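Structural overview for review
The residues making up each chain are set out below.
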Amino acid sequence: MSKKPLFESFLPVSAKEWKQKIQYDLKGADYNESLVWESPEGIKVKPFYHADDAIKTSENLIANSGWYIGQSIYVGNTKMANNKGLKAIASGAESLSFSIPSDEINIAQLLNNIDVNTIPVHFNMEFLAPKFIASVLDFTKGKNDNIFLNVDAIAQLARNGNWFENFKEDFTNLKEILHQGFKNSLSIDIGLYQNAGANMVQQLAYGLAHANEYLNAFASEEELKTITFKVALGSNYFFEIAKLRALRKLWMALVKEYSLKIDCHIIAIPTKRNKTLYDYNTNMLRTTTATMAAVMGGADTVVNMAYDAIYHKDNDFGERIALNQLLLLKNESYLDKVGNPADGSYYIENITNQLAEKALILFKSIEHNGGFLKQLKAHVIQRKIEESAQKEQVKFEAGEEILVGTNKYQNEKDVMKETIELYPFLKTNPRKTLIQPILEKRLSEGMEQKRLNDE
């Protein structure tokens, strides 16, 4: 048997030769019109990528510690939330994400029997209270490295149109919270922009500009060691992988400008934007695509959403299916065994760099025009997101962007009116706000409302 390496028998083929062969096979059809498509971000996607296209990324864009299976829990009742958390851990969850609605929640009761030394705990607080944070610190003293406060005053302004109190008081409270000693205090909710219809370049640029407001205010604070990015992922699989990689790349570049070493913790969850009321089982396919992209893109924590979350109250079956999806990805698909699975993919590396470059240009434009908060108050950010969302909506209604079971392959016998427990559409609550809030809306809402009325 010859010991000559197999691939020495084959001559290398250049990208130019591949393209010539494709053009020949097209029999006169235009290569660019037939095979090249353009993403909403203005990225032209070719039918093949070659070593000639390779743009090697020098940075490590994957978390070194692997990824955690997360479980999201709303703390309406402290004891029930604690039981739910313990049950989730027993079922395979490795991290808990508690949504805290008020400062009356008893932290000792909430974390009873939960070992925060081994189980990272995220608090998503719907208020800003240093005294409450102090109670968390007292209870977790000496073991708070795994506690993430996820405080985000700017997201409160963007989502609700008002600060918790006002700009000065909110940032004073943020500074006080940082001084209490938590290294994982601040978060950036990029998912808000995605769920409202922003394209990926906008999500990255707005997230970076959002984070830069905190760096401008708190870069001198030694306690600022980690910032958590909450990211929502859709169905464009390879682009979503690239988006997470681009986010980490951009973050590393930004903190380098401040001569800081601040970790970037990415917590990923499927977007609500492409979820549907009708043919709801297809939501499981969408969440599988999103969570798999999250893992391949290097998320630190992946939290799934139940297939029926938009119209059903929390239920054991939906939550168990959502958790099982992550367990299958980790324990049976072995997606925790490869350190950087997307590394070396010419296609993904190319998209990663294009997304990062375009986002950096937009970020610099935002900073040149006064920064994120100034543009948010001038409603520039809201207008740009609305424009992007409208373009996507037009494509959806024209059938160019497909949600199976909703605008394609509808089951005419599918009825939902009697099974809805939660209002699944955009809620309007006219009130006085400082700015126009950024509104999250699913693509299929208008079509679904019409179908419900016709049932």
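The following paragraphs examine the structure supplied in this document. Every chain begins its residue count from 1, and numbering advances along the sequence as written. Totals for whole chains, interfaces and linings use every residue, but because this is a predicted model, local features are given only for residues with pLDDT of at least 70 and side-chain atom pairs only at 80 or more, for both listing and counting. Side-chain calculation: all heavy atoms of the structure are included, whereas hydrogens and water are not.

**What to know about the overall build of the chain**
Test applied: The way it works is that DSSP assigns letters per residue, a run of H or I at least four long becomes a helix, a run of E at least two long becomes a strand, and they are numbered from the N terminus. Three labels apply to residues, based on accessible area from a 1.4 Å probe with only protein chains included: buried if under 20% of the type maximum, exposed if over 50%, partly exposed otherwise in between. Two residues qualify as a contact provided that any one of their heavy atoms is within 4.5 Å of a heavy atom in the partner residue. Only the protein chains shown count as covering a residue, and every accessible area follows the Shrake-Rupley method with a 1.4 Å probe. Positive charges are assigned to Lys and Arg, negative charges to Asp and Glu, while His and the chain termini are left out of the count. In this description, the location of a charge corresponds to atom NZ of lysine, CZ of arginine, CG of aspartate or CD of glutamate.
Assigned secondary structure in the chain consists of 16 helices and 10 strands. Structurally, the chain occupies a C-alpha span of about 70 × 60 × 55 Å along its principal axes. Residue burial in the chain is summarised as follows: out of 455 residues, 51% are buried. A separation of at least 24 residues holds for 79% of the contacts in the chain among residues at least 6 apart in sequence. Surface exposure of the chain reaches about 22500 Å², of which carbon and sulfur atoms provide 52%. Charged side chains in the chain number 53 positive and 57 negative. The centres of these two groups are separated by 2 Å.

**Here's the deal with the environment of Ile 190**
In this fold, Ile 190 is placed in the loop between strand S7 (184–189) and helix H8 (191–196). On the basis of relative accessibility, which here comes to 3%, the residue Ile 190 falls in the buried class. Placed 42 residues apart in sequence, Ile 190 and Ala 232 show a C-alpha to C-alpha distance of 7.1 Å. Aside from chain neighbours lying at most four places away, what touches Ile 190 is Gln 203, Gly 207, Phe 229, Lys 230, Val 231 and Leu 247.

**Re the pairing of strand S3 (residues 68–74)**
The condition that has to hold: Here, a strand pair is defined by DSSP locating no fewer than two bridges between the strands.
The pairing of S3 with strand S10 (residues 301–303) spans 3 bridges and is classified as parallel. Along S10, the bridge assignment pairs Ile 69 with Val 302. Pairing analysis gives 5 bridges linking S3 to strand S4 (residues 95–100), with the strands arranged parallel. Opposite Gln 71, over in S4, you have Leu 96 as the bridge partner.

**Structural notes on the pattern of salt bridges**
The condition is simple: Basic side-chain nitrogens of Lys or Arg form a salt bridge, by our definition, when they fall within 4 Å of a carboxyl oxygen of Asp or Glu.
Inspection of every chain in the model, using the stated rule, returns 15 salt bridges. When the shortest N-O distance is used, the salt bridge between Glu 38 and Lys 44 registers 2.9 Å. Glu 38 sits in the partly exposed class, given a relative accessible area of 44%. Glu 387 is the partner of Arg 383 in a salt bridge, and the nearest nitrogen-oxygen pair spans 3.6 Å. Here Arg 383 and its partner Glu 387 are both found in helix H15 (residues 380–397), 4 residues apart, which amounts to about one turn of the helix. Classification of Arg 383 as partly exposed rests on a relative accessible area of 40%. What emerges from the salt-bridge pattern is a single network uniting Lys 84, Asp 314 and Glu 319.

**As for the packing of aromatic side chains**
Aromatic ring pairs are reported here in terms of the distance separating the ring centres and the angle at which the planes meet. Our working definition: Planes of paired rings set the category: under 30 degrees apart is stacked, over 60 is edge-to-face and the rest tilted, where pairs are Phe, Tyr or Trp rings (Trp by its six-membered ring) whose centres lie within 6.5 Å. Two conditions define a charge sitting above a ring: the NZ of Lys or the CZ of Arg must be within 6 Å of the ring centre, and it must be within 35 degrees of the ring normal.
Taken as a whole and assessed by the stated rule, the structure comprises 20 aromatic pairs. An aromatic cluster is defined as three or more aromatic residues linked by ring pairs; in this entry it consists of Trp 163, Phe 167, Phe 171, Tyr 214 and Phe 218. In this structure, Lys 143 is placed above the aromatic ring of Phe 139, and the distance from its NZ or CZ to the ring centre is 6.0 Å. A cation over a ring is seen here: Lys 408 above Tyr 409, with NZ or CZ 5.7 Å from the ring centre.

**What about helix H5 (residues 130–139)?**
To be explicit about the condition: The arc in question is the one traced by the directions running from the helix axis out to the C-beta atoms.
Residues of H5 that are buried: Pro 130, Phe 132, Ile 133, Val 136 and Leu 137. Along H5, the residues classed as buried sweep out an arc of 160 degrees about the axis, all on the same side. In this structure, H5 carries Lys 131 and Asp 138 as exposed residues pointing more than 90 degrees from its buried face. Its buried side turned inward, H5 meets S4, helix H4 (107–110), strand S5 (121–125), strand S6 (147–148) and helix H7 (167–179).

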